[in-house]
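Given next are the chains, with one letter for each unit.
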Amino acid sequence: MTPPDNDRRAWLRAALAAPLGLGLAACERITASQPVNRTLDSGETLTRRVQGMLAGPRALAREFTPADISKDFKANGTTAPDSDAYQALAAGGFADWKLEIGGLVERPLSLSLADLRAAPGRSQITRHDCVEGWSGIAQWRGARLGPLLARAGLKPAARYIAFFCADTLELTLDGSGDYYETIAIADAFHPQTILAYEMNGAPLPVAHGAPIRLRLERQLGYKMAKYVMRIEAIDSFAKLGRGRGGYWEDRGYQWYAGI
Ligand SMILES: Nc1nc2c(c(=O)[nH]1)N[C@H]1C(S)=C(S)[C@@H](COP(=O)(O)O)O[C@H]1N2
Ligand SMILES: [Mo]
């Protein structure tokens, strides 16, 4: 009989090989095809179960030291949203920017950058892994998402948190090219899940998502929405974008994307 420990490792290997091992195309391009998507989805459920089993929902992603910080952290996907509204906010140093937190909450919030800086925060040095195969280590400082959601008061029907961004990555007639992401409530309350307003000790640069970007440290890079303008608690993501839970998920990538 196989000892359970070996069994688990084999599972983990299979689960981890699935999302990264198929030679998926770059995040900037739209190429994933339907048959590939189905293969990926079976690995997805496995990754999620294995992550829950081995690590537990509260396990922390590895943190690094200042000496590990990457000299050259790649900026990927959108690096400068081109809408007039975003450009105007950026020109004003985001002084007029407000983060809306709404949807299935008792008390919708509208928060300035100063409000976020005053909220319970966290700083962490972590590794960002992009599905394309590159990674980078940086220090991120931001407001913890959990306490903000607690302040807003989630209604019982809330199952996911959705992030709506300022950028359109693919021009479409129906707006389904606007970047958005959704995550599970449990991951939103993970201690390392933050709305980062600083990278490596400086205000978050536009290329990396100013004024704030999500850091979800146990997931792949595409989950970490940059240029977040609005957050909503929702019960289903079926009606957002093309219904698969995120910009890249709508184009074939996995929803949970655990690493
Ligand atoms: N709004 C928005 N968020 C985004 C993207 C994007 O194009 N737009 N790209 C994603 C991808 S694929 C990755 S790898 C990371 C890149 O973050 P970086 O630019 O800080 O490296 O952001 C993710 N979040
Ligand atoms: Mo990515």
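A quick note: this is a predicted structure, and the numbers were derived from the prediction, not measured. (Residues numbered from 1 in each chain as written. Chains lettered and ligands numbered in written order. Predicted model: local features only at pLDDT ≥ 70, side-chain atom pairs only at ≥ 80, totals over all residues. Heavy atoms only, no water.)

A. Examining the site of ligand 1 more closely. Residues in close proximity to ligand 1 total 23 residues, the closest being Lys74, Asn76, Asp167, His208 and Lys226. Between ligand 1 and Asp167, the relevant distance is 2.7 Å, taken from a nitrogen atom to a side-chain nitrogen or oxygen of the residue. At a separation of 2.6 Å, an oxygen atom of ligand 1 approaches a polar side-chain atom of Lys226. Compared with its free state, where it exposes 530 Å², ligand 1 has 100% of that area covered by protein. Grouping the constituent residues of the shell around ligand 1 by class yields 13 nonpolar, 6 polar and 4 charged. (Near = heavy atom within 4 Å. Polar contact = N/O pair within 3.5 Å; in protein donor to acceptor, adjacent residues only side chain to side chain. Areas by Shrake-Rupley, 256 points an atom, 1.4 Å probe, with all protein chains shown as cover. Nonpolar A, V, L, I, M, F, W, Y, C, P; charged D, E, K, R; others polar.)

B. Summary view of the pairing of strand β10 (residues 228-234). Sheet topology places strand β1 (residues 99-103) next to β10; 4 bridges connect them, and they run parallel. Its bridge partner lying in β10, Gly103 is registered against Ala233. One ladder, built from 6 bridges, connects strand β5 (residues 160-168) with β10; its direction is antiparallel. Of the residues in β10, the one forming a bridge with Tyr160 is Ile234. (Pairing = 2+ DSSP bridges. Helix = DSSP H or I, 4+ residues; strand = E, 2+ residues; numbered from the N terminus.)

C. Focus on the sheet that holds β10. Strand order across the open sheet formed by 5 strands is β2-β1-β10-β5-β6, with mixed pairing between neighbours. Of all strands in the sheet, those bounded by a partner on one side alone are β2 (109-111) and β6 (178-184). The mean inter-strand angle of the sheet, taken between neighbouring strand axes irrespective of direction, is 20°. Contacting β1, β2, β5, β6 and β10, helix α5 (residues 145-152) crosses the sheet at an angle of about 135° to β2. (Axes fitted to C-alpha atoms, helices over the stretch in contact; angles between N-to-C directions. Contact = heavy atoms within 4.5 Å.)

D. Seen up close, the pairing of strand β4 (residues 135-144). Looking at chain direction, strand β3 (residues 121-129) and β4 are connected through 9 bridges and run antiparallel. For Gln124, the partnering residue across the bridge sits in β4 and is Trp140. Between β3 and the antiparallel strand that follows it, β4, lie 5 residues; Gly133 among them carries a positive phi value of about 115°. Summarising the sheet, β4 and strand β7 (residues 194-199) pair through 5 bridges and their orientation is antiparallel. Residue pairing in the sheet places Arg144 in a bridge with Ile194 of β7.

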